[in-house]
Amino acid sequence: MWTVVYIAPSRKQAERLQQALLQEGLLVKLRNIGLPNGNENGAVEILVPESEVDEALEIINTV
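Quick caveat, the model's predicted, so the values are computed rather than measured.

Enquirer: Tell me about the environment of Lys12, and please be specific about residues and values.
Expert: Tracing the chain through its elements places Lys12 in helix α1 (residues 11-23). Spatially, the C-alpha atom of Lys12 lies 10.0 Å from that of Gly42, the residues being 30 residues apart in sequence.

Enquirer: Requested: an account of a nonpolar patch on the surface, with residues and values cited.
Expert: Together, Val4, Ile7 and Ile33 make up an exposed nonpolar region whose accessible area comes to about 230 Å². As for its placement among the helices and strands, Ile7 is situated in strand β1 (residues 2-8). The class of Ile7 is partly exposed, set by a relative accessible area of 47%.

Enquirer: An account of the nonpolar core is requested, with residue identities and associated values reported.
Expert: In this structure, Val5, Leu21, Ile46, Val48 and Ala56 are the most contacted members of the largest nonpolar core, which totals 15 residues. Beyond its immediate stretch of four places on either side in the chain, Val48 contacts Met1, Trp2, Thr3, Val5, Leu21, Leu27, Val28, Val53 and Ala56.

Enquirer: Hey, could you go over the environment of Ser51 for me, with residue numbers and the actual values?
Expert: Positionally, Ser51 belongs in the loop between β3 (44-49) and α2 (53-62). You can call Ser51 exposed: its relative accessible area is 72%. Through-space distance from the C-alpha of Ser51 to that of Thr3 is 9.1 Å; in sequence the pair is 48 residues apart.

Enquirer: Account for the environment of Gln13, naming residues and giving values.
Expert: Position of Gln13 relative to the elements: it lies in helix α1. Sequence separation between Gln13 and Ala43 is 30 residues, and the spatial gap between their C-alpha atoms is 9.5 Å. If we ignore the near neighbours within four places in the chain, the residues touching Gln13 are Tyr6 and Ala8. Within the structure, the side chain of Gln13 is placed 3.4 Å from the side chain of Tyr6, a separation counted as a polar contact.

Enquirer: Tell me about a negative patch on the surface, and please be specific about residues and values.
Expert: On the surface, a cluster of negative charge is made up of Glu24, Asp54, Glu55 and Glu58. Relative to the helices and strands, Glu24 resides in the loop between α1 and β2 (29-32).

Basis of the calculations
Residues numbered from 1 in each chain as written. Predicted model: local features only at pLDDT ≥ 70, side-chain atom pairs only at ≥ 80, totals over all residues. Heavy atoms only, no water. Helix = DSSP H or I, 4+ residues; strand = E, 2+ residues; numbered from the N terminus. Patch = residues over 30% accessible without salt bridge, like charges linked within 9 Å, V, L, I, M, F, W, Y side chains within 5 Å. Areas by Shrake-Rupley, 256 points an atom, 1.4 Å probe, with all protein chains shown as cover. Salt bridge = Lys/Arg side-chain N within 4 Å of Asp/Glu carboxyl O. Buried < 20%, exposed > 50% of the residue type's maximum accessible area, 1.4 Å probe, protein only. Core = buried A, V, L, I, M, F, W, Y, C linked by side-chain atoms within 4.5 Å. Contact = heavy atoms within 4.5 Å. Polar contact = N/O pair within 3.5 Å; in protein donor to acceptor, adjacent residues only side chain to side chain. Lys, Arg positive; Asp, Glu negative; His and termini not counted. Charge placed at Lys NZ, Arg CZ, Asp CG, Glu CD.

This is the structure:
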């Protein structure tokens, strides 16, 4: 099951955090909140598998 670990205010920030998580070997999905067209200015949820939540939060807090 995928779990939201962070809501980024923009796609740019979400992609930066996604890269940090991917570099540590975690699986990551991004999901737009609101408009489905991938609006650059919209908020984006960062999701990881439930088993990787603690590690993902630790990485996000140090970035």
